[in-house]
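Report on the structure
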Amino acid sequence: MGSAHLTSLLKITHPLLQGGMSWVSRFELAAAVSEAGGLGVIGAGGMEPEELRREIRSLRAQTTQTFGVNVPLLNVRPDGNAGIVEQLIDVVCEESVPVVVTGAGTPRRFTERLHGANALVLHVVPSVELAQKCEQAGVDVIIAESQEAGGHVSVKGLSSFSLIPQVVDAVDVPVVAAGGIADARGVAAALALGAAGVQVGTRFIATHECNAHPAFKQALLSASSESTAIYCRQAHASRALVTPAVKKLLEMESEGRTVDELIQFRGRGRAFEGCIEGNLDDGLLPSGSGAGLVQSTQTVAEVVAELTQGATRILGDLGKAISPPARGSGTDAK
Ligand SMILES: Cc1cc2nc3c(=O)[nH]c(=O)nc-3n(C[C@H](O)[C@H](O)[C@H](O)COP(=O)(O)O)c2cc1C
């Protein structure tokens, strides 16, 4: 399934999705991405239902383009009490959100209901096995997210180079690649691996439209290839910039501290503290391993143009590079 199928399905110009990011993908960022021809996505993680409703309505006041809402299913409890997740799903159905991105949970639970509300369902997976389960559950588009991604990652997850082509081969629905894509080369590589499109998170944090604290944006600009790490490998593993809080968590892991102790230290508020309050000591700053590629804070329109036009150029040049003129047809004749 190629890019043209994905863009016509989602009614977008470029096969570029902005990853839903708890706390830092609010309506301003999502609206700007949709206006620029990509799919802007409001991250509902951490929001109260009525807050999400206001965000959706504010986005609609800024753009008539297609957009999405990301609802992490992490809070669905084993006893089936979906709690807040159920209420967020109610809101996206009531507000007729056209695209819903789910992840960190089973796709079976909500897909039918979302389809009933005329929403397209995209689900984030780290493996071939889960991608196949999503397809069986009727998911419309699979987002194959590799270990390079910012935020929650699967510890058993693969890197993009091996994950994307294997997921593409295993399912018939369009596959979007996510994880570590922060410039045009990453976009071109993902398409070359067979993805129909890309989902980019971290790169969009360093934009004027993103509500992240300036200290978080600056930390991304200062980041190198060594600046992120995966922590809490036994309990909802995540990739983030290595702040003192992440160092402490890594230390606790190497000391063999229990999962409960790790969860207790991580708490629920540290990502908010880092991303929104700019507390780089106690806070967490989820970020993909491509952070070292983020060089400047730009407008969303500039980032979208750079990623899409750059990838088009690279793929064109590569086509010419691997197809030299036939022998005897020109300068290489002896
Ligand atoms: C700050 C931050 C918060 C995120 N929050 C969520 C989330 O709430 N739900 C989700 O499905 N993915 C979340 N992600 C993952 C993104 O949607 C996206 O897949 C990921 O950022 C892609 O990798 P990249 O950051 O290397 O581009 C988050 C990522 C970041 C960086």
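All of these numbers come straight from a predicted model, not from anything done at the bench. Residue numbering note: each chain is counted from 1, following its sequence as written. For this predicted model, a pLDDT threshold of at least 70 governs which residues receive local features, and a threshold of 80 or more governs which side-chain atom pairs are given and counted, while totals over whole chains, interfaces and linings are taken from all residues. As a convention, hydrogens and water are excluded, and side-chain values are obtained from all of the structure's heavy atoms.

Helix numbering and strand numbering both begin at the N terminus, where a helix is a DSSP run of H or I of at least 4 residues and a strand a DSSP run of E of at least 2. Along the chain, the regular secondary structure elements total 14 helices and 11 strands. In terms of overall dimensions, the chain has a C-alpha envelope of 75 × 45 × 40 Å along the principal axes. The classification of residues rests on relative accessible area computed with a 1.4 Å probe and restricted to protein chains. Under 20% of the type maximum is buried, over 50% is exposed, and intermediate values are partly exposed. Across the 334 residues in the chain, those meeting the buried criterion constitute 50%. The contact rule is simple, with two residues in contact once any of their heavy atoms fall within 4.5 Å. Long-range contacts, defined as pairs at least 24 residues apart, comprise 62% of the intrachain contacts of the chain with a sequence gap of at least 6. In the form shown here, the chain has an accessible surface area of approximately 14800 Å², with 51% of it arising from carbon and sulfur atoms. Areas reported as accessible are Shrake-Rupley estimates using a 1.4 Å probe. Residue values count occlusion only from the protein chains shown.

Before going further, it helps to examine the domain arrangement of the chain. Those domain boundaries reflect an automatic or database domain assignment. Domain boundaries assigned for the chain yield domain 1 (3–208) and domain 2 (212–297). Computed from C-alpha atoms alone, the centre-to-centre distance between domain 1 and domain 2 is 22 Å. Each side of the interface is counted separately: domain 1 has 22 residues, and domain 2 has 26 residues. Once two parts are put together, the accessible area they lose, assessed with a 1.4 Å probe and summed over both, is termed the buried area. In this assembly, domain 1 packs against domain 2 so that about 2000 Å² is buried in total across both faces, 63% of it on carbon and sulfur atoms. What counts as a salt bridge is simple: a side-chain nitrogen of Lys or Arg found within 4 Å of a carboxyl oxygen of Asp or Glu. At the surface where domain 1 touches domain 2, the tally comes to zero salt bridges. A 3.5 Å cut-off defines polar contacts: any pair of N or O atoms within that distance qualifies, except that in protein one atom must be a possible hydrogen donor and the other a possible acceptor, and neighbouring residues in sequence count only when both atoms are side-chain atoms. Summed over the shared surface of domain 1 and domain 2, the number is nine residue pairs in polar contact (both at pLDDT 80 or more).

Another aspect to go through is the layout of surface pockets. Regions of empty space are outlined by a rolling probe, equal in size to a water molecule, passed over the atoms. Definitions used for this entry: grid spacing 1 Å over protein atoms alone; cavity, a set of points where a 1.4 Å probe fits but cannot get out; pocket, an open set with protein on both sides within 12 Å along at least 5 of 7 lines; lining residue, one with an atom within 4 Å of a point. Grid points are joined across faces, edges and corners, and a volume is the space filled by probe spheres set on the points. Of the voids in this model, the second largest pocket is the one considered here, and its volume is about 180 Å³. Looking at the second largest pocket, it is lined by 14 residues, and the ones nearest its centre are S160, F161, G179, G180 and I181. Top element by residues in the lining of the second largest pocket is helix α8 (residues 184–192). It accounts for four residues.

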